[in-house]
Amino acid sequence: MERSEIKDVLSKGRAGDAATVAGWIKSVRASKSVAFVHLNDGSTFDSLQVVVPETFPGRDAVLRQITGAALRVKGTLVASPGKGQALDLAPEEIEVLGECDASSPVQKAGTSFEFLRGVAHMRPRTNTFGAVFRVRSELAFAVHEFFRERGFALCHSPILTTSDCEGAGAMFSVTTLDAEKPPRGEDGRIDWSKDFFGERASLTVSGQLEAEILAMSLSKVYTFGPTFRAENSTTPRHAAEFWMIEPELAFADLKDDRELAEDFVKAMVARLFERCERDLRFFDERVEKGLRAKLEAVATADFGVIEYAKAISVLEKAGRTWDHPVSWGRDLQTEHERYLTEEYAKRPLFVIDYPKTIKPFYMYCNDDDKTVACMDLLVPRVGELIGGSQREHRLDRLLARMKECGVDEKAYSWYADLRRFGTVPHAGFGLGFERLLMYATGMENIRDVSLCPRVPGYAKF
Ligand code: 4AD
Ligand code: MG
């Protein structure tokens, strides 16, 4: 269909140019003499104003259309006498592509994010969600650019897997066995050897272990793919399906890992300012006041670093009553994470060297034999944005940790092989893409940065 994108028309068009555009009506405002129709095609936040004069043939048919209807308009650009835009479109031909009536759910002005979650198939038509998904796309490309510019190879780690990277037992099973009558062994338990893969398979919780395979050959790799966690968690930060970016670096320790993570987050913020200027302005004005200033500070400040043990003592001395108890050996909860980054450090903060008892088997054990060389990056409002570590590359230590954690040595013998044959110090991290988007846009619920959020009790479409 012949048309120009509204983004190009608004940025490159000049009064007198002919233009044909297509889009959805954002608003119609009619007076006796003229009617203003705002048309948006999603190529940019702003809409093009079509000014329909009283004498326009077929004006009534056009004015019957309401927000949400789809039009194609052929006309001439004219200098706009109004405020807020340089150009208007004077129509010569208006074609109604798709009617829309008042029963459309996005008609209701001022509908809340919560309401819109119930009509997730319609919400990208709103200004806010249009902006969210444009930013999401830009940042996804920026992720690939960042790693490519630094010589990382893209690793497609599998979605279907027989490994449990995080060992948290929060995996979705993938099976073709008859759910009503699965084959059972003599002990009465399900016989997974009869399943499609000949063993029990799941959706991956992380591409890390397989990225380690490729890092042991290409040195610098990253994965960027969907991950799945069957945690029964309904917080605004947890989804059952989310995308994760996981670089894996050979010949690297925790410090190298931390430096990469800091560069990466800063580069994403810089790219946001560069490529998403218009949408960012909207988020700053309408979603989180002061967002730009906060993000600007991130792009320039050095991130803090604190050891877990020190963080515990900071929390103990904070003079607060916590909902979740604080003591050495317990994991940090969101309230603790937010205090540390928002009030104690007042900037993004790496918490490093957690007790090994609360972390997975693959992390490098520090000399104290109590802590592991790991890092969580905490950022204001979101809490944990990144989790990463140096990996245990010493075979004997890895095998001992697997035993301690109840990890089946046979099933993970391939992973141990990476240490048996030409092992090297290596490290990596995972950044939750939706959490980055929450951070970048000011949106407060992970359900509002995913096109089709998957959370306990909900997987529509
Ligand atoms: O800290 P996590 O569990 O680390 C890993 O999975 C490692 N294998 C990563 C690695 O070293 N390659 O998860 C990493 C990040 C978290 O910091 C968080 O941003 C995000 O993934 N995340 C979630 N995001 C949304 N919903 C959930 N349920 C999430 N769980 C983790
Ligand atoms: Mg984590």
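This report concerns the structure included in the present document. Computed from a predicted structure; not experimentally measured.

What counts, and at which threshold
Residues numbered from 1 in each chain as written. Chains lettered and ligands numbered in written order. Predicted model: local features only at pLDDT ≥ 70, side-chain atom pairs only at ≥ 80, totals over all residues. Heavy atoms only, no water. Phe/Tyr/Trp six-rings, centres within 6.5 Å; stacked < 30°, edge-to-face > 60°. Buried < 20%, exposed > 50% of the residue type's maximum accessible area, 1.4 Å probe, protein only. Helix = DSSP H or I, 4+ residues; strand = E, 2+ residues; numbered from the N terminus. Pairing = 2+ DSSP bridges. Near = heavy atom within 4 Å. Polar contact = N/O pair within 3.5 Å; in protein donor to acceptor, adjacent residues only side chain to side chain. Nonpolar A, V, L, I, M, F, W, Y, C, P; charged D, E, K, R; others polar. Axes fitted to C-alpha atoms, helices over the stretch in contact; angles between N-to-C directions. Parallel < 35°, antiparallel > 145°, perpendicular 65-115°, else oblique. Left-handed = near helix turned anticlockwise from the far one by under 90°. Contact = heavy atoms within 4.5 Å.

What to know about the packing of aromatic side chains
Next up, step 1: Scanning the entire structure with this criterion turns up 20 aromatic pairs.
Next up, step 2: Consider the rings of Phe147 and Phe152, whose centres lie 5.0 Å apart with planes at 70 degrees: the pair is edge-to-face. Taken as a pair, Phe147 and Phe152 share a single burial class, namely buried.
Next up, step 3: Geometrically, the ring pair formed by Phe264 and Phe429 is tilted, given 6.3 Å between the ring centres and 40 degrees between the ring planes. With a gap of 165 residues between them, Phe264 in helix α6 (residues 254-275) and Phe429 in strand β16 (residues 426-432) connect regions that are remote in the sequence. The same class applies to Phe264 as to Phe429, namely buried.
Next up, step 4: Joined through ring pairs, the aromatic side chains of Phe146, Phe147, Phe152, Tyr222, Phe264 and Phe429 make up one cluster.

Examining the pairing of strand β15 (residues 383-390)
Next up, step 1: A large share of β15 lies buried, amounting to six of its eight residues.
Next up, step 2: Taking the residues between adjacent antiparallel strands as the criterion, strand β14 (residues 374-379) and β15 are bridged by three residues, where Arg381 takes a positive phi near 75 degrees.
Next up, step 3: Two elements, β15 and β16, share five bridges in a ladder whose sense is antiparallel. Paired with Gln390 across the strands is Ala427, a residue of β16.

A look at the site of ligand 1
Next up, step 1: Of all residues adjacent to ligand 1, which total 25 residues, the nearest are Glu166, Gln208, Arg229, Glu246 and Glu384.
Next up, step 2: A distance of 2.7 Å separates a nitrogen atom of ligand 1 from a polar atom in the side chain of Glu246.
Next up, step 3: Here a nitrogen atom of ligand 1 and a backbone polar atom of Phe429 are 3.4 Å apart.
Next up, step 4: Class assignment of the residues belonging to the shell around ligand 1 gives a composition of nine nonpolar, eight polar and eight charged.

Notes on the side chain of Gln49
Next up, step 1: You can see Gln49 is positioned in strand β3 (residues 48-53).
Next up, step 2: We classify Gln49 as buried; its relative accessible area is 6%.
Next up, step 3: Looking at Gln49, its side chain comes within polar contact range of the side chain of Asp88, at 3.2 Å.

Points about the packing of helix α5 (residues 208-218) against helix α12 (residues 413-420)
Next up, step 1: The N-to-C vectors of α5 and α12 enclose an angle of 30 degrees; their axes lie 11 Å apart at closest approach. When the axis of α5 is compared with that of α12, the two are roughly parallel. At the point where α5 passes α12, the crossing takes the left-handed sense. Contacts between α5 and α12 involve Gln208, Leu209, Glu210, Glu212, Ile213 and Met216 on the former and, on the latter, Trp414, Tyr415, Leu418 and Arg419.
Next up, step 2: Residue classes in the contact of α5 with α12 are distributed as six nonpolar, one polar and three charged.

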